[in-house]
Amino acid sequence: MTPQIQAFFDNATWTVSYVVYDQPGGHCALIDTVLDYEPKSGRTRTASAQRLMDFVRSQRLTVQWILETHAHADHLTAAHFLRDQLGGRIAMGAAIAQVQKVFKGVFNIEPGFGTDGSQFDQLLHDGEIFSIGELQATALAVPGHTPACMAFQVDDAVFVG
């Protein structure tokens, strides 16, 4: 089965989020979702996430995965908001624990913040295969930006952060 792909470009962050699905009425993965952030006010909005939700609902898709390619410095993730609205499991590269330990010290994050990746539903390892409905996907470790960077291959498409 050939994956269906819908891209959503966010002008403010120059981030592309994707909905990858097997068929209308089937299953999908959301990749690198954006939570809108206004730095001057410190407020967030969900307009970018709403665009993805509208598409998912228009195609009658069941969200199976919300995938993060890396710990984002260029935008905030809407993963938890979208999981609350649409379901699915949030997944990140297993090496996120290393990144969280560094970030905790650099950004002076509160003492109770866990650095074990427990904020994610599943931590993926290099070469791990998982399903998006009838599609097969593979997690590919692509360290460099951070040790937790992952790409996701679905058929002949590869999604990188």
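All values reported here derive from a predicted model rather than from experimental measurement.

Re the overall build of the protein chain
The helix and strand inventory of the protein chain stands at 3 helices and 12 strands. Relative to a compact globule of 161 residues, whose C-alpha radius of gyration would be 15 Å, the protein chain shows 15 Å and is just as compact. For the protein chain, buried positions account for 42% of its 161 residues. Contacts spanning at least 24 positions in sequence make up 55% of the contacts within the protein chain whose residues lie at least 6 apart. Across the protein chain, the 10 positively charged side chains and the 17 negatively charged ones have centroids separated by 9 Å.

Brief notes about the sheet that holds strand β9 (residues 129–132)
Neighbouring strands of a sheet are bound in pairs by backbone hydrogen bonds; such pairs are parallel or else antiparallel. An order of β9-β10-β11-β12 is seen for the 4 strands of this open sheet, with the pairing classed as antiparallel. Edge positions in the sheet fall to β9 and β12 (157–159), since each has one partner strand and no second. Averaged over all neighbouring strand pairs, the angle between strand axes comes to 30°, with direction disregarded. Both strand β10 (residues 135–141) and strand β11 (residues 150–154) contribute to a ladder of 5 bridges, which runs antiparallel. Note on β11: the bridge partner recorded for T138 is Q153.

Topic: the pattern of salt bridges
On inspection of all chains with the given rule, the structure shows 1 salt bridge. For R83, the salt bridge is made with D121, and the minimal N-O distance between the two is 2.9 Å. Of this pair, R83 sits in helix α2 (residues 79–86) while D121 sits in the loop between α3 (96–106) and β8 (122–124), placing them 38 residues apart in sequence. What makes R83 partly exposed here is its relative accessible area of 24%.

A short note on the nonpolar core
Residues V19, C28, L30, V56 and L82 are the most contacted members of the largest nonpolar core, which totals 25 residues. Those elements that place two or more of their residues in this core are β2 (15–21), β3 (27–31), α1 (47–58), β6 (62–67), α2, β7 (89–93) and α3. With 5 residues, α1 is the largest single contributor of residues to this core. Residues I31, F130, I132 and M150 belong to the second largest nonpolar core, which totals 17 residues.

Side note on α3
Listed in full, the buried residues belonging to α3 are I96, A97, V99 and Q100. Taken around the axis of α3, the buried residues stretch over an arc of 155°, which confines them to a single face. Facing away from the buried side of α3, by more than 90 degrees, are the exposed residues K101, G105 and V106.

Things to note about the sheet that holds β2
Pairing is mixed in the open sheet, where 6 strands are placed in the order β1-β2-β3-β6-β7-β8. Each edge of the open sheet is held by one strand with a lone partner, namely β1 (4–10) and β8. Across the sheet, the axes of successive neighbouring strands diverge by a mean angle of 25°, strand direction being ignored. Of the pairings in the sheet, the one linking β3 to β6 comprises 5 bridges and is parallel in character. Along β6, the bridge assignment pairs A29 with W65.

Things to note about the pairing of β7
In terms of residue burial, β7 counts as a mostly covered element, since 4 of its 5 residues are buried. As defined by bridge partners, β6 adjoins β7 across 3 bridges and the pair is classed as parallel. Paired with W65 across the two strands is R89, which belongs to β7. Pairing analysis gives 3 bridges linking β7 to β8, with the strands arranged parallel.

Conventions used here
Residues numbered from 1 in each chain as written. Predicted model: local features only at pLDDT ≥ 70, side-chain atom pairs only at ≥ 80, totals over all residues. Heavy atoms only, no water. Helix = DSSP H or I, 4+ residues; strand = E, 2+ residues; numbered from the N terminus. Rg over C-alpha atoms; globule rule 2.2 N^0.38 Å. Buried < 20%, exposed > 50% of the residue type's maximum accessible area, 1.4 Å probe, protein only. Contact = heavy atoms within 4.5 Å. Lys, Arg positive; Asp, Glu negative; His and termini not counted. Charge placed at Lys NZ, Arg CZ, Asp CG, Glu CD. Pairing = 2+ DSSP bridges. Axes fitted to C-alpha atoms, helices over the stretch in contact; angles between N-to-C directions. Salt bridge = Lys/Arg side-chain N within 4 Å of Asp/Glu carboxyl O. Core = buried A, V, L, I, M, F, W, Y, C linked by side-chain atoms within 4.5 Å. Arc of directions from axis to C-beta.

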